Each structure stands twice: as C-alpha cells, then as structure tokens.
Amino acid sequence: MRRTWCLLPLTAVLLAGCSGSGSTSDSGSYSAAAPGAELATPDDAAEPRQVVTTASASLVVDDPRAGAQQVSELVEDAGGRVDQRSEQAGAAGGPGDLPGERPGDVADLVVRVPADELTDLLRDLEDLGEVGSVSITRDDVTGTALDLDARISALQTSADRLESLMAGATTTEALLDAEQALSERQQELESLQSQRTALADQVELSTLAVHLAQTEAAADPGRSGFLGGLDTGWQALTTAVGGAVVVLGVLLPWLVVAGLVGLVALVVHRRRRRPAGAPVGDELPAQPQ
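Residues numbered from 1 in each chain as written. Predicted model: local features only at pLDDT ≥ 70, side-chain atom pairs only at ≥ 80, totals over all residues. Heavy atoms only, no water.

A closer look at the pattern of salt bridges
Move 1: Taken as a whole and judged by the stated rule, the model has nine salt bridges.
Move 2: Note that Arg81 and Asp83 form a salt bridge whose closest N and O atoms lie 2.9 Å from each other.
Move 3: Taking the shortest distance from any N to any O, the salt bridge between Arg123 and Asp120 comes out at 2.5 Å. Of this pair, Arg123 and Asp120 both sit in helix H3 (residues 118-125), separated by three residues, roughly a single helical turn. (Salt bridge = Lys/Arg side-chain N within 4 Å of Asp/Glu carboxyl O. Helix = DSSP H or I, 4+ residues; strand = E, 2+ residues; numbered from the N terminus.)

Dropping the structure here:
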C-alpha cells in the first residue's frame, strides 16, 4: 500500500508533464501556421489585372477637318499618338448617319491614348461638338500575359542550358545538335517576346476610333428661304435643259435621215400620180387663140 501511495505523486507529475508538452506543441503549431496563412493571400501580392480597352465615339461638328486637328492635339497632350487619320470632302451619307448629319465633309481617326487618360479624353470630346454615340469594350488578358511570361521564362532557361551544352560539347555532332536546338528555341523565344510586347502596348495604350461628321447647317448653307428656293429652282431648270439638249443631240441624226427618206418618198409618190401627157413642173397648157 505504501508503494502505491508513493507512485501516485510520480504519476501526477508525469501526466502534468505530458499535458504541458502537448499544449506547447499545439501552440507552436498554430504560431507557425498563422504567418503562412496570412502570406498566402495578401492584397499587395495579388497579380495586377491587365485589361485591353477599345473605344469608339461619333460626333457631329461644324468643321470635321478642324475637329480632327483638335482631337489630334488632345491626344498628343494626353501622351498618346495618332495611328490613322483620314478626311473626305462631300462624303455621301450612309445607314449609320448621326442625327443632324447629311452628306458633307467627314473625318476619321484611330488614336492610342494611355489607359488612365481615356475617360478624360472622352469627356473633352464633348467640347468639340455633339456626341452621338460612345462605346467602350474592356478585355481582361491577365491569363494570356501570365502564360506568355511563363513560356518565355521556360524557353530562356532552355536556351541557357543549350549554351552550356555547346560550351562543353566534346564532339562535332553534339555541337551541331545543340546549335540547331538552340536556334529553334531562340526563334520561338523571339516570337513570344514580340507577342508579349504587343500585348503590353495594348494594355498600356487604349485604342479609340473617332468619327467626325458635318452638321446639316454647315453641310448645306443658304438652303432656306427665298434664295434657297431660287437656287433649287435654277438647278432644276439647268438639269432639265441639259437633259433636253442631250436627247436632241441623240435624235438629230435620226431626224435628218428620216427627213431625207420622207422627201424621196414624196417625190416618187407625186410622179406616180401624174397622168400621161401632163405638163412637167409648172408648165401650163397653151391657151387657144
């Protein structure tokens, strides 16, 4: 019995030691996992989204050529560039005409502007004329960019290894094989780098297409009131006279030929109707004495 009572304190000490050791292990495990969990999804470590923005805008202005020049200046002031610009005088209207637009001068531009300046540029266009339509499209290309980066990194590593193999090649055959493989890797690498550069340019600079059309009043001045009616009537008369002259010119040769044929027919007809012994022409029979 004395041995049993003597063992009880020792057992309690061992149990307390095991319990304390288990607590320390759990605490250590939590403290080690907590920092890892915080670093798994930090806001500052998230990959920035890469978006390609494409927009278009249509305006009605008094002078499309002057408006195109103003748009170019706005784009350059924003740090962008003009990729395309065309101007056309007296262009005919189409099914996509804007309200108030009629056949007249038009101008079209394709510009590239920094992505963070696109909104301000669209707002500035309202000062140039009446904005008829605005369209904006955004395409997230983050996945494409990451894929290109990974492939470029892998090809670069492969090219470095091939260069090391070439440096340590002991036979001509091994050297030639390494050179051929390295040439293929470099060509593919350059192609991917070109694609990545173009994609970065599309992300950095948004594309904006601007269509400028002339207002109705500017495209057709002086077409109202008495003078407008007089001008319209004169143009109609000129058109009608011109058409009549053309028709007369076409018919005149036929009329001449028809007149000659009719004259010959008339002479033949009169000769057939003259009785035998009748005087010819205007000669009269002699009067008896």
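Section: the side chain of Thr215
Move 1: Note that Thr215 resides in strand S5 (residues 205-215).
Move 2: Side chain to side chain, Thr215 and Asp62 meet in a polar contact 3.3 Å long. (Polar contact = N/O pair within 3.5 Å; in protein donor to acceptor, adjacent residues only side chain to side chain.)

Brief notes about the confidence of the model for the chain
Move 1: Confidence along the chain averages 76 in pLDDT terms, with 69% of residues attaining 70 or more.
Move 2: Put simply, helix H1 (residues 2-40) is where the chain has its lowest mean pLDDT, 39, and strand S1 (residues 51-61) is where it has its highest, 95.
Move 3: A low-confidence stretch, residues 93-101 stays under pLDDT 50, and its non-local contacts, those more than four residues away or across chains, total 13 contacts. (pLDDT = per-residue confidence, 0-100. Contact = heavy atoms within 4.5 Å.)

Concerning the pairing of S1
Move 1: Of all eleven residues that make up S1, eight are buried, and the element is covered over most of its length.
Move 2: Bridge count between S1 and strand S4 (residues 130-140): ten bridges; the pairing is antiparallel. Counterpart to Val52 in the pairing with S4 is Asp139.
Move 3: Across eight bridges, S1 lies against S5 in parallel orientation. (Buried < 20%, exposed > 50% of the residue type's maximum accessible area, 1.4 Å probe, protein only. Pairing = 2+ DSSP bridges.)

Looking at the environment of Asp201
Move 1: Within the fold, Asp201 resides in helix H5 (residues 172-204).
Move 2: Overall, Asp201 belongs to the partly exposed group, its relative accessible area being 25%.
Move 3: For the pair Asp201 and Val52, spaced 149 residues apart in sequence, the C-alpha to C-alpha distance is 9.1 Å.
Move 4: Excluding anything up to four places from it in sequence, Asp201 contacts Arg81 and Arg112.

Examining helix H4 (residues 142-167)
Move 1: Taking 1.5 Å of rise per residue, the 26 residues of H4 would be expected to cover 38 Å, and the 38 Å separating its terminal C-alpha atoms lies within 8% of that figure.
Move 2: Looking at H4, one finds that the buried residues are Thr142, Ala145, Leu148, Ile152, Leu155, Ser158, Ala159 and Leu162. (Expected span 1.5 Å × (residues − 1).)

Observations concerning the nonpolar core
Nonpolar side chains in soluble globular proteins generally cluster together in the buried interior.
Move 1: Grouped together as the largest cluster of nonpolar side chains are 19 residues, with contacts concentrated most on Leu59, Val71, Leu109, Leu125, Leu208, Val210 and Leu212.
Move 2: For this core, the elements supplying multiple residues, two or more each, are S1, helix H2 (64-77), strand S3 (101-114), H3 and S5.
Move 3: Ranked by size, the runner-up nonpolar core spans ten residues in total, among them Val52, Val141, Ile152 and Leu189. (Core = buried A, V, L, I, M, F, W, Y, C linked by side-chain atoms within 4.5 Å.)

Quick look at a nonpolar patch on the surface
Move 1: Taken together, the side chains of Val246, Val247, Leu248, Val250, Leu251, Leu252, Leu255, Val256 and Leu260 define a hydrophobic patch exposed on the protein surface, amounting to about 850 Å² of accessible area.
Move 2: Its location among the elements puts Val246 in helix H7 (residues 225-273). (Patch = residues over 30% accessible without salt bridge, like charges linked within 9 Å, V, L, I, M, F, W, Y side chains within 5 Å. Areas by Shrake-Rupley, 256 points an atom, 1.4 Å probe, with all protein chains shown as cover.)

What about the packing of H4 against H5?
Relative orientation and spacing of two packed helices are given, respectively, by the angle between their axes and the distance between those axes.
Move 1: Contact pair H4 / H5: the axes reach a minimum separation of 9 Å and the direction vectors enclose 155°. By the criterion of interaxial angle, the relationship of H4 to H5 is roughly antiparallel. Crossing geometry of H4 relative to H5 is assigned as left-handed.
Move 2: Here the residues of the contact of H4 with H5 are counted per class, giving 14 nonpolar, six polar and seven charged. (Axes fitted to C-alpha atoms, helices over the stretch in contact; angles between N-to-C directions. Parallel < 35°, antiparallel > 145°, perpendicular 65-115°, else oblique. Left-handed = near helix turned anticlockwise from the far one by under 90°. Nonpolar A, V, L, I, M, F, W, Y, C, P; charged D, E, K, R; others polar.)

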